[in-house]
Amino acid sequence: MNAVLRSITDHDAAPLAVHKLTHGYEDGLVLAGIDLTLLQGSVLGLIGRNGAGKSTLIRAMVGLLKPDSGEARLFGEPALKLSDSVKARLAYVPQQPEALAWLTAQQMFDYVGRFYPSWDASFAKTKLREWGILPNKVLGKLSPGERQRVDLIRALASQPSLLILDEPAAALDPVARRDLLREIALRAGEAGTTVLFSTHIVSDLERVASDIAFLHEGKLLQCAVDETKERFARLWLPASMTAAAPSNTLGKTRHADGSLSLVIERRADGSWPEAARLPGARVDALGLEDLFVEIAG
Ligand SMILES: Nc1ncnc2c1ncn2[C@@H]1O[C@H](COP(=O)(O)OP(=O)(O)OP(=O)(O)O)[C@@H](O)[C@H]1O
């Protein structure tokens, strides 16, 4: 996995830079030294199985969780000590928003809008209507999905430079989801907004993300979406050849007949590892979803 981890360079003012971030709970380590840099205008889709640590990583990125070691920096500032000007450039939507539950959506927008210099009140109003939220209903009485929609609208209306969304798709029906993805692509393309969103829906990544990050067993594998199909493949080796399988590979599966499937990565010169040329070996293309299943399955 090391070979595909993008090395951290000194992007001090990158919208988001995470360096050797480690965190655990009483049941063990969840993040084991995560490195990640997001450049302006990139859209990164973060995927990982339930409990892989996506929300933990995101909370550390936005300064809501103090990691055991390492740090996240936003626009060059430590996530745990953001200035008001950087806070105004950041929008974060948690999986289960709870703040300001006693206000209505409209009251919440009127209140928070004052903190954002580029607040787009007409966008907020239009989206509330399009996404079927009553502006005068108290937030605490909305369903979890409706509540997250309000927060997504709040985040988009603030016209952030960095937008971080924790599983936004969970709250949206397919029409609203497509609408959100369109907004994300538009803002990244036209306004240079940098976006990070976690999801379980691989097709959403394929639609808008420029980069993908797999979180698995505390480590992050980050790569460009359009590179992945070229860069990775599934190698199948017959039982008689498995002894020659490369040891340092992603996602290895032993089949009942003794044959072996494993994910291989192209070497620096573009060729597949030697094992791909063993007698009886077969190399199959891998889509993003297959790659995720092979690595995390
Ligand atoms: N406050 C906490 N105290 C103890 N353990 C926690 C806490 N928060 C998360 N965990 C554990 O850390 C692990 C990672 O949780 P996290 O919510 O970050 O995963 P996730 O990838 O976002 O999961 P999901 O896809 O299900 O939302 C899980 O095993 C979870 O039980």
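Conventions used here
Residues numbered from 1 in each chain as written. Predicted model: local features only at pLDDT ≥ 70, side-chain atom pairs only at ≥ 80, totals over all residues. Helix = DSSP H or I, 4+ residues; strand = E, 2+ residues; numbered from the N terminus. Rg over C-alpha atoms; globule rule 2.2 N^0.38 Å. Buried ≥ 20, exposed ≤ 12 C-beta atoms within 10 Å, placed from the backbone. Contact = placed C-beta atoms within 7 Å. Axes fitted to C-alpha atoms, helices over the stretch in contact; angles between N-to-C directions. Parallel < 35°, antiparallel > 145°, perpendicular 65-115°, else oblique. Left-handed = near helix turned anticlockwise from the far one by under 90°. Nonpolar A, V, L, I, M, F, W, Y, C, P; charged D, E, K, R; others polar. Near = placed C-beta within 6 Å. Pairing = 2+ DSSP bridges. Domains from an automatic or database assignment.

Here we take up the overall build of the chain. Counting its secondary structure elements, the chain contains nine helices and 14 strands. A globule of 297 residues ought to have a C-alpha radius of gyration of about 19 Å, and the chain, at 21 Å, matches this closely. For the chain, the spread of C-alpha atoms along the three principal axes comes to 70 × 40 × 40 Å. Expressed as a percentage of its 297 residues, the buried residues of the chain come to 37%. Sequence separation of at least 24 residues holds for 68% of the intrachain contacts in the chain that already meet a minimum separation of 6.

This part takes up the packing of helix 3 (residues 105–113) against helix 5 (residues 144–157). At their nearest, the axes of helix 3 and helix 5 sit 11 Å apart, and the two run at 25° to each other. Considering their axes alone, helix 3 and helix 5 lie roughly parallel with respect to each other. For the crossing formed where helix 3 meets helix 5, the hand is right-handed. Where helix 3 approaches helix 5, its residues Ala105, Met108, Phe109 and Val112 are matched on the opposing element by Val150, Arg154 and Ala157. For the contact of helix 3 with helix 5, the class distribution of residues is six nonpolar, no polar and one charged.

Taken together, Tyr25, Val30, Gly48, Asn50, Gly51, Ala52, Gly53, Lys54, Ser55 and Thr56 form the complete shell of residues around the ligand. At three residues, the largest contribution of residues to the shell around the ligand is made by helix 1 (residues 54–61). Among the residues making up the shell around the ligand, the classes are represented as three nonpolar, six polar and one charged.

This part covers the sheet that holds strand 2 (residues 28–38). Taken together, the four strands give an open sheet; going across it, the order is 2-1-4-5, and neighbouring strands pair in antiparallel fashion. Of all strands in the sheet, those bounded by a partner on one side alone are strand 2 and strand 5 (77–78). Of the strand pairs in this sheet, strand 1 (residues 16–25) and strand 4 (residues 69–74) are connected by four bridges, and their pairing is antiparallel. Considered in strand 4, the bridge of Thr22 is made with Ser69. In this fold helix 1 packs onto strand 1, strand 2 and strand 4, with an angle of close to 125° to the strand it touches most, strand 1.

We now examine helix 1. For helix 1, the buried fraction is high: seven of the eight residues fall into the buried class. Looking one or two residues beyond helix 1, the residue adopting positive phi is Gly63, at roughly 80°.

Splitting the chain by domain gives domain 1 (2–100 + 159–226), domain 2 (101–158) and domain 3 (229–296). Taking only C-alpha atoms, the centre of domain 1 and the centre of domain 3 are 29 Å apart. Contact with domain 1, which involves 13 residues of that partner, is made by seven residues of domain 3. Secondary-structure elements contributing two or more residues to the side of domain 1 that touches domain 3 are helix 7 (202–208), strand 9 (211–216) and strand 10 (219–224). Class assignment for the residues of the side of domain 1 that touches domain 3 results in nine nonpolar, two polar and two charged.

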